[in-house]
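Structural features, examined
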Amino acid sequence: VQLVESGGGVVQPGGSLRLSCAASGFTFSSYAMGWFRQAPGKEHEFVGGIHWTGGSTYYRDSVKGRFSVSRDNPKNTVYLQMNSLKPEDTAVYYCAAENRPYRSGRTDRRDFGSWGQGTQVTVSS
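Now for a look at the structure at hand. (Residues numbered from 1 in each chain as written. Predicted model: local features only at pLDDT ≥ 70, side-chain atom pairs only at ≥ 80, totals over all residues. Heavy atoms only, no water.)

1. Overview of the sheet that holds strand E1 (residues 2-6)
Spatially, 4 strands are ordered E1-E3-E8-E7 in an open sheet, and the strand pairing comes out antiparallel. Since the sheet does not close on itself, it has two edges, and those belong to E1 and strand E7 (67-72), each with one partner. With direction set aside, neighbouring strand axes in the sheet form an average angle of 15 degrees. Note that E1 and strand E3 (residues 17-24) share 5 bridges and pair antiparallel. Residue pairing in the sheet places Leu 3 in a bridge with Ala 23 of E3. (Pairing = 2+ DSSP bridges. Helix = DSSP H or I, 4+ residues; strand = E, 2+ residues; numbered from the N terminus. Axes fitted to C-alpha atoms, helices over the stretch in contact; angles between N-to-C directions.)

2. Focus on the state of the cysteines
Under the counting rule described, the total for this entry stands at 1 disulfide. Disulfide pairing is shown between Cys 21 and Cys 95; the S-S distance is 1.9 Å. Of note, the bridge from Cys 21 to Cys 95 carries an S-S torsion of about 45 degrees and is right-handed in sense. A residue pair is termed long-range when its members are at least 10 positions apart, and Cys 21 in strand E3 and Cys 95 in strand E9 (residues 91-98) qualify at 74 residues. Cys 95 matches Cys 21 in its accessibility class, with the two residues each being buried. (Disulfide = S-S within 2.5 Å. Buried < 20%, exposed > 50% of the residue type's maximum accessible area, 1.4 Å probe, protein only.)

3. What about the nonpolar core?
In this structure, Trp 35, Val 78, Leu 80, Met 82 and Tyr 93 are the most contacted members of the largest nonpolar core, which totals 27 residues. Of all the elements in the fold, those that place two or more residues in this core are E3, strand E4 (33-38), strand E5 (45-50), E7, strand E8 (77-82), E9 and strand E11 (119-123). Each residue touching Met 82, except ones within four places of it in the same chain, is listed here: Gly 15, Ser 16, Leu 17, Leu 19, Arg 66, Phe 67, Tyr 93 and Val 121. (Core = buried A, V, L, I, M, F, W, Y, C linked by side-chain atoms within 4.5 Å. Contact = heavy atoms within 4.5 Å.)

4. Quick word on the side chain of His 51
Mapped onto the secondary structure, His 51 falls in the loop between E5 and strand E6 (57-59). A relative accessible area of 18% means that His 51 is categorised as buried. For His 51, the contacting residues outside a window of four places in its chain are Ala 32, Ser 56, Tyr 58, Arg 71 and Ser 104.

This is the structure:
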């Protein structure tokens, strides 16, 4: 199993970034996917997730209306569109696959078995 994130960078407050996560080595279309982040000195926190079909998404309250998770199953890729970025969004962002197929809606990192290496997002003026 391999998950590879890309698209991180430095952006000004109010700006946008789109993260991508390319998956391989498992049946991507059978697994819900999640995005997590970890700021310096803090625990991993759930950001958003998506059903294995892409039919539903769910988010932490602080990003609702600003962030959007989507997926392209034929391309084995999941995305995180981040708009109206704030300095408090600064973190390393990780994508992860739930550790069971055909299960969705989990937000605890212990329910995710495969993780990418992370990509840094810095929001600063």
